[in-house]
Amino acid sequence: MTMPSINDKQKTISHSHRVSTSDDIEVSTYLEIAKGLKIEQTLPEIKPLSLAKRETIIIIDFGSQYTMLIARRIRECHVYCEIVPYNTPLEKIASLKPRGFILSGGPSSVYASNAPLPSENIYEQHIPVMGICYGMQVITHQLGGQVLPGELNEYGQSMLDISDTTNPLFTGLPNTLPVWMSHGDHVIDMPPGFKALAQTENSPIAVMGNNKHIYGLQFHPEVAHTPHGKEIFENFVYKICACKGNWTPARFKTESIAKIKKQVGNEKVICALSGGVDSAVTATLIHLAIGDNLTCFFINNGLLRREEAERILDTFKRNLKLNIVYVDASERFLQQLSGVTDPETKRKLIGVEFINVFEEEATKLGQIAFLAQGTLYPDVIESTTVETKAAVTIKSHHNVGGLPSNMRLRLVEPLRYLFKDEVRELGLALGMPEDLLWRQPFPGPGLAIRIIGEVTKEKLEILRGADWIVMDEIKKAKLYRQLWQSFAVLTDVKSVGVMGDYRTYGYLIAIRAVKSNDAMTADWARLPYDLMARISDRIVNEVPNINRVVYDITSKPPATIEWE
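None of these values were measured; they are calculated from a predicted model.

Asker: Whenever I open this one, the pattern of salt bridges confuses me. Can you help?
Answerer: Opposite charge on two side chains permits them to pair, given that their charged atoms come into close proximity. Enumeration over the complete set of coordinates arrives at 21 salt bridges. Taking the shortest distance from any N to any O, the salt bridge between Glu-76 and Arg-73 comes out at 3.2 Å. Taken together, the positions of Glu-76 and Arg-73, both in helix H3 (residues 67–76) and three residues apart, correspond to about one turn of that helix. On the basis of relative accessibility, which here comes to 17%, the residue Glu-76 falls in the buried class. The buried category is assigned to Arg-73, whose relative accessible area is 11%. Beyond isolated ion pairs, a larger network of salt bridges with shared partners links Asp-472, Glu-473, Lys-476, Arg-534, Arg-538 and Glu-542.

Asker: What am I meant to see in helix H16 (residues 529–542) here?
Answerer: What sets the pattern is the α-helix's 3.6 residues per turn: residues three or four places apart point alike. Helix length check: H16 (14 residues) gives 20 Å between terminal C-alpha atoms against 20 Å at 1.5 Å per residue, within 8%. If you check which residues of H16 are buried, you get Leu-531, Ile-535, Arg-538, Ile-539 and Val-540. Of the surrounding secondary structure, the elements contacted by the buried residues of H16 are helix H15 (457–476), strand S15 (485–499), strand S16 (502–515) and strand S18 (546–551).

Asker: Just checking my understanding: could you explain the side chain of Gln-218 for this structure?
Answerer: The residue Gln-218 is located in the loop between strand S9 (214–217) and helix H6 (229–240) in this model. The class of Gln-218 is buried, set by a relative accessible area of 1%. Within the structure, Gln-218 has its side chain in polar contact with the side chain of Gln-137 (distance 3.4 Å). Apart from residues lying up to four places away in sequence, Gln-218 is in contact with Cys-133, Met-136, Gln-137, Met-181, His-183, Asp-185, Val-187, Ser-203, Ile-205 and Ala-206.

Asker: I'm lost on the confidence of the model for the chain in this one. Help?
Answerer: Atom-level detail of predicted coordinates should not be read off regions where pLDDT is low. Mean pLDDT over the chain: 83, with 84% of residues reaching 70 or higher. Strand S4 (residues 129–132) holds the highest mean pLDDT among the elements of the chain, 98, whereas helix H2 (residues 27–37) holds the lowest, 28. Counting contacts from residues 384–388, a segment whose pLDDT is below 50, to residues more than four positions away or on other chains yields 14 contacts.

Asker: Honestly, the nonpolar core in this entry has me stumped. Any pointers?
Answerer: Proteins that are soluble and globular tend to have nonpolar side chains buried together. Residues Ile-299, Ile-509, Leu-527, Ile-539 and Ile-546 are the most contacted members of the largest nonpolar core, which totals 49 residues. Considering each element in turn, this core owes the most residues, eight residues, to H15. Discounting residues that sit within four places of it in the chain, Ile-546 has contacts with Ile-462, Leu-490, Met-499, Tyr-507, Ile-509, Ile-539 and Val-540. By size, the runner-up hydrophobic cluster in this structure holds 40 residues, among which are Leu-173, Met-181, Phe-219 and Cys-241.

The rules behind each value
- Residues numbered from 1 in each chain as written.
- Predicted model: local features only at pLDDT ≥ 70, side-chain atom pairs only at ≥ 80, totals over all residues.
- Heavy atoms only, no water.
- Salt bridge = Lys/Arg side-chain N within 4 Å of Asp/Glu carboxyl O.
- Helix = DSSP H or I, 4+ residues; strand = E, 2+ residues; numbered from the N terminus.
- Buried < 20%, exposed > 50% of the residue type's maximum accessible area, 1.4 Å probe, protein only.
- Expected span 1.5 Å × (residues − 1).
- Contact = heavy atoms within 4.5 Å.
- Polar contact = N/O pair within 3.5 Å; in protein donor to acceptor, adjacent residues only side chain to side chain.
- pLDDT = per-residue confidence, 0-100.
- Core = buried A, V, L, I, M, F, W, Y, C linked by side-chain atoms within 4.5 Å.

Shown next as structure tokens:
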């Protein structure tokens, strides 16, 4: 989904709190914002498109960890898209009037007995189809070709040589370009009527197509490691699917607020405010939709960073005119985590305890029907849910995989299909304070998943001290906004050291700093050596029981950003 650049919006909003008329809120919603911010501006009404006029691309999901990135690339083309599971009935898909299909990647092999496969009727709809990685192999398998395990796996960047430069899929592209591969199976024989359009050193059939506009790409154009991926998607949706790009973020937000109103009606909602951008924007959107029927809770789970509870409450009280209830439940959470070392168990215990606290507090307010959460799509796709049933679970998120099955409250998740940068831009458009919107992501389970092993009060204080120094030095170096996340991890490793001529046996602290656009992939940040030296010196001198500091230089993948 393409929005105005963050830098451009900062210049406009931070100066006068004005909201761009290109953004997508109804007039009534804009007036509510204007009332709170003293804005005097005439704003046009933006209406949702009818289904007949909406240009829709359907993404058929086979469990790829990158499926939502495909959706994001399509949105950047101003074309509406929806993700559906591979076994969605064709009649339901057809009701959305799709202009094209994209078959995602996935962890399966098409020749396996239980391989996820779509209805073969999608190829008979006279609608363009593009299969990516596993999706290409699905097309091959279903239309009469052959897929087998390759002699060589192909992971990482490869050079693609385009042999059919006249094909509309490659309009405007160089004849040779870098692409990102991640596969072990190979197309050995193409289906009847297909021809190879491009190849790499290890894949003679890296791109294939036929005269019915059915294409297969063995590489992943959706990831940042394929620099020309955006142009490939643009060529597919504009030149092959004949879309014009009439879907905008304005309509997305308008429809989101309308959906909240329809879902909630006159019922009451409680919202978990964590202090981060996701929950804050969620609360703002829901408040615009239902007003005082929203009550926000800030739950102190005892797993926050130093002075975080005080700073968060102060920010919310000064800037967001919401009903906020503060609950200190730190002892309850620490009791639940006593003796627990498994990271998945930690996450799920924290998720369950959050819901227990919410439901107890909700009873004090009378009848509450809904719980609002700032769930983003990276949370969803890293947890196995109904929507990603073919995916492999990477880790459970406390607000996805950690929710109890008997939860009484129903969920409202207006940001469920957005990425972090999109949420930040939405918050800027709503006039929210920049210091809140630019907070680096902080996990729902808090410091519990930055402490390897059992969580104790002593370890929490050690980690808080180290993390405070990391943040302080990163901000002094003016690198805070350039980094996706930067933090300290307290490992369960102890090592021998020497301090003041005495032998020490202290903990090892790991520093993690990464750059990313969406948390789906990330690269370790090349911090200046002098900065790393200052951080290390301060930690071993200022934080008790630490005598060694290391720096994590692993990208995602293969690692995740958080250690647990």
